[in-house]
Amino acid sequence: TSDEVKKPRLQILKGRLTEHPARKTRAMEGSRQRVLVDRVSERLPGHLIGICENTRLVHFPWPDASLVGKFAELEVGEMFSINTLRATAPEWVED
């Protein structure tokens, strides 16, 4: 098969591989999610990263690492990337 055929097919495949995860992530916008606070964000100063039950990552503002290892409930805002979202500060934290 020639490159003229392979390249367009590869682009179609790549599009389909990212379409489904992006749709699932976008569907979480505006929802409340219980996350396990995993770590301090390296990319966003003043933010922590939580992991949702469906393995999506959620960045949210918090001044220090005091919540790492705890569960928190967040109001999810917007999609940040295919598997990542942004959220507001936690409404509650479970010790």
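The structure contained in this document is the topic of the report that follows.

The rules behind these values
Every residue gets a number counted from 1 within its own chain, in the order that chain's sequence is written. In view of the model being predicted, local features appear only for residues whose pLDDT reaches at least 70, and side-chain atom pairs are presented and counted only at 80 or more, with totals across whole chains, interfaces and linings using the full set of residues. For the side-chain quantities, the full set of heavy atoms in the structure was used; hydrogens and water were omitted. Secondary structure elements follow DSSP: runs of H or I no shorter than four residues count as helices, runs of E no shorter than two count as strands, and numbering proceeds from the N terminus. Contacts are assigned to residue pairs that have any heavy atoms within 4.5 Å of one another. What makes a patch is a set of residues exposed beyond 30% relative accessible area and free of salt bridges, joined within 9 Å when like-charged and within 5 Å when nonpolar (Val, Leu, Ile, Met, Phe, Trp, Tyr). Surface accessibility follows the Shrake-Rupley procedure with a 1.4 Å probe radius. Residue values consider only the protein chains on display as shielding. Salt bridge criterion: a side-chain nitrogen from Lys or Arg within 4 Å of a carboxyl oxygen from Asp or Glu. Using a 1.4 Å probe on the protein chains alone, a residue whose accessible area is under 20% of its type maximum counts as buried, one over 50% counts as exposed, and one in between counts as partly exposed.

By the element assignment, Ser31 lies in the loop between helix H1 (3-26) and strand S1 (32-40). On a C-alpha basis, the gap between Ser31 and Gly77 in space is 7.9 Å, while along the polypeptide they are 46 residues apart. The contact partners of Ser31, leaving out residues within four places of it in the chain, are Leu74, Glu75 and Val76.

This paragraph deals with the environment of Thr18. Positionally, Thr18 belongs in helix H1. Counting along the chain gives 65 residues from Thr18 to Asn83, while the straight-line C-alpha distance between them is 9.7 Å.

Turning our attention to a nonpolar patch on the surface. On the surface, Leu10, Leu13 and Leu17 cluster together to form a nonpolar patch covering roughly 290 Å² of accessible area. Position of Leu17 among the secondary structure elements: in helix H1. Classification of Leu17 by relative accessible area gives exposed; the value is 57%.

On to the pattern of salt bridges, then. For the structure shown, the criterion picks out 6 salt bridges. One salt bridge in this structure joins Arg23 and Glu19, with 3.3 Å as the shortest N-O distance. Pair noted here: Arg23 and Glu19 are both in helix H1, with a separation of 4 residues, about one helical turn. Two residues, Arg32 and Glu73, come together in a salt bridge whose shortest N-O distance is 3.7 Å. In this pair, Arg32 sits in strand S1 while Glu73 sits in strand S4 (residues 71-81), placing the two residues 41 residues apart along the sequence. By relative accessible area, which is 44% here, Arg32 ends up partly exposed. Through salt bridges with shared partners, a single ionic network connects Arg32, Glu73, Glu75 and Glu91.

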